[in-house]
Amino acid sequence: MSRAAVPGLPSRYPIGAQLPALYADDDFAQRFTSGLDTVLAPVFATLDNLPAYLDPRVAPLDFVAWLASWVGAADDREWSAELRREAVVRAVELHRWRGTRRGLVERLRLTLGVNADVSGDGGAVWSATTGAGLPPEPTGEVLVRVWPGRDPEVDEGRVREVVRSLCPVHVSCRVEFLPGPPAEEGR
């Protein structure tokens with residue numbers, strides 16, 4: 001998309017009308033300034049609409065990619081425009097939850113359209129008692145169960161890639177693919 005020369009775009013602030021009265025009837029001055037108006041009209045239009053350019057819900061798609069780089073959002077050109085916009089809108093929230101169960105589930109739901117359930121604690125334990133003995137050795141494994149959500153197909157390679165990028169380095173993450181939601185335990 002280009003915001004350079006937009007044919008026929010009128011200037012909201014014509015320079016010829018702002019010249020001293022001496023030049024109001026000067027044909028050359030009016031033609032010269034109308035040429036400048038043609039060049040400056042897209043600049044004024046962009047500046048007048050600057051808040052819209054900074055809102056990913058209404059900004060042009062090339063600006064959405066730029067805004068994604070500002071907030072560290074995932075931006076895949078293969079995604080739909082709505083999904084790209086939503087990823088930028090929710091980027092701060094997703095960064096806040098990065099490294100947590102909720103963050104992983106939300107990221108998988110947003111970017112790949114799959115549902116997920118995360119179990120296991122990754123081996124993080126602590127004690128409020130001073131001088132307490134060491135806790136038992138944790139399993140250190142996280143199980144991520146994934147099933148179709150928005151789309152009937154699950155791209156297993158991309159799911160594994162997202163899980164690998166979001167799981168903490170010291171934790172081993174195992175991914176399991178299910179045909180539907182897992183059955184509740186205890187039934």
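Bear in mind the structure is a predicted one, so any value in this text is a computation, not a measurement.

Definitions and cut-offs
- Residues numbered from 1 in each chain as written.
- Predicted model: local features only at pLDDT ≥ 70, side-chain atom pairs only at ≥ 80, totals over all residues.
- Heavy atoms only, no water.
- Disulfide = S-S within 2.5 Å.
- Buried < 20%, exposed > 50% of the residue type's maximum accessible area, 1.4 Å probe, protein only.
- Helix = DSSP H or I, 4+ residues; strand = E, 2+ residues; numbered from the N terminus.
- Lys, Arg positive; Asp, Glu negative; His and termini not counted.
- Salt bridge = Lys/Arg side-chain N within 4 Å of Asp/Glu carboxyl O.
- Contact = heavy atoms within 4.5 Å.
- Core = buried A, V, L, I, M, F, W, Y, C linked by side-chain atoms within 4.5 Å.
- Polar contact = N/O pair within 3.5 Å; in protein donor to acceptor, adjacent residues only side chain to side chain.
- Pairing = 2+ DSSP bridges.
- Axes fitted to C-alpha atoms, helices over the stretch in contact; angles between N-to-C directions.
- Left-handed = near helix turned anticlockwise from the far one by under 90°.
- Nonpolar A, V, L, I, M, F, W, Y, C, P; charged D, E, K, R; others polar.

**Q** Help me out: how do you make sense of the state of the cysteines in this one?
**A** Working definition: the covalent bond between the sulfur atoms of two cysteines is a disulfide. The full count for this structure, using the stated rule, is one disulfide. At a sulfur-sulfur separation of 1.9 Å, the disulfide partner of Cys167 is Cys173. Residues Cys167 and Cys173 are joined by a disulfide whose S-S torsion is about -110°; by sign, that bridge is left-handed. Judged by relative accessible area, Cys167 falls into the buried class, the value being 12%. Taking relative accessible area as the criterion, Cys173 reaches 27% and is therefore assigned partly exposed.

**Q** Which parts of the structure should I look at to understand the side chain of Arg85?
**A** Structurally, the position occupied by Arg85 is in helix α4 (residues 81-89). Here Arg85 occupies a buried position and makes no salt bridge, while the nearest side chain of opposite charge, Asp55, is found at 7.5 Å. With residues near it in sequence (within four places) discarded, Arg85 still touches Pro56, Arg57, Val58, Ala59, Leu61 and Val64.

**Q** What am I meant to see in the nonpolar core here?
**A** It is characteristic of soluble globular proteins that their nonpolar side chains tend to be buried jointly. Ranked by internal contacts, the top residues of the largest apolar core, which has 18 residues, are Leu104, Leu108, Val114, Val144, Val146, Val159 and Val163. Of all the secondary structure elements, the ones that give two or more residues to this core are α6 (101-112), β1 (114-119), β2 (141-148) and α7 (156-166). Excluding its chain neighbours within four sequence positions, the residues that come into contact with Leu108 are Gly113, Val114, Ala116, Val144, Val159, Val162 and Val163. Membership of the second largest hydrophobic core comes to nine residues, among which are Tyr53, Ala59, Val88 and Ala91.

**Q** Whenever I open this one, the side chain of Thr111 confuses me. Can you help?
**A** Residue placement: Thr111 occurs in helix α6. The exposure class of Thr111 is buried, given its relative accessible area of 5%. Looking at Thr111, its side chain comes within polar contact range of the main-chain oxygen of Arg107, at 2.7 Å. In this structure, Thr111 is in contact with Trp79, Leu83 and Arg150, ignoring residues within four places of it in sequence.

**Q** I keep staring at the sheet that holds β1 and nothing clicks. Help me out?
**A** Strand order in this open sheet of three strands is β1-β2-β3, and the pairing throughout is mixed. Looking at strand neighbours, the two that pair on one side only are β1 and β3 (172-177), the edges of this open sheet. Each strand axis lies, on average, 25° off the axis of its neighbour in the sheet, ignoring direction. As paired strands, β2 and β3 are joined by six bridges and run parallel to one another. Within β3, the residue paired with Val142 across the bridge is Cys173. Its contacts with the sheet put α6 on β1 and β2, and the angle it makes with β1 is roughly 165°. Along the sheet, α7 contacts β1, β2 and β3; its crossing angle with β3, the most-contacted strand, is approximately 155°.

**Q** Mind showing me how you'd approach the environment of Arg158 here?
**A** The residue Arg158 is located in helix α7 in this model. Separated by 50 residues in sequence, Arg158 and Leu108 place their C-alpha atoms 9.6 Å apart. If we ignore the near neighbours within four places in the chain, the residues touching Arg158 are Asp76, Glu78, Trp79 and Leu112.

**Q** Sorry, what's going on with the packing of α6 against α7 here?
**A** Describing two packed helices takes the angle between their axes plus the distance from one axis to the other. At a minimum axis distance of 11 Å, the contact between α6 and α7 shows a crossing angle of 145°. For the pair α6 and α7, the sense of crossing is right-handed. Here α6 contributes Leu104, Arg107, Leu108 and Leu112 to the contact with α7, which in turn contributes Arg158, Val159, Val162, Val163 and Leu166. Broken down by class, the residue content of the contact of α6 with α7 amounts to seven nonpolar, no polar and two charged.

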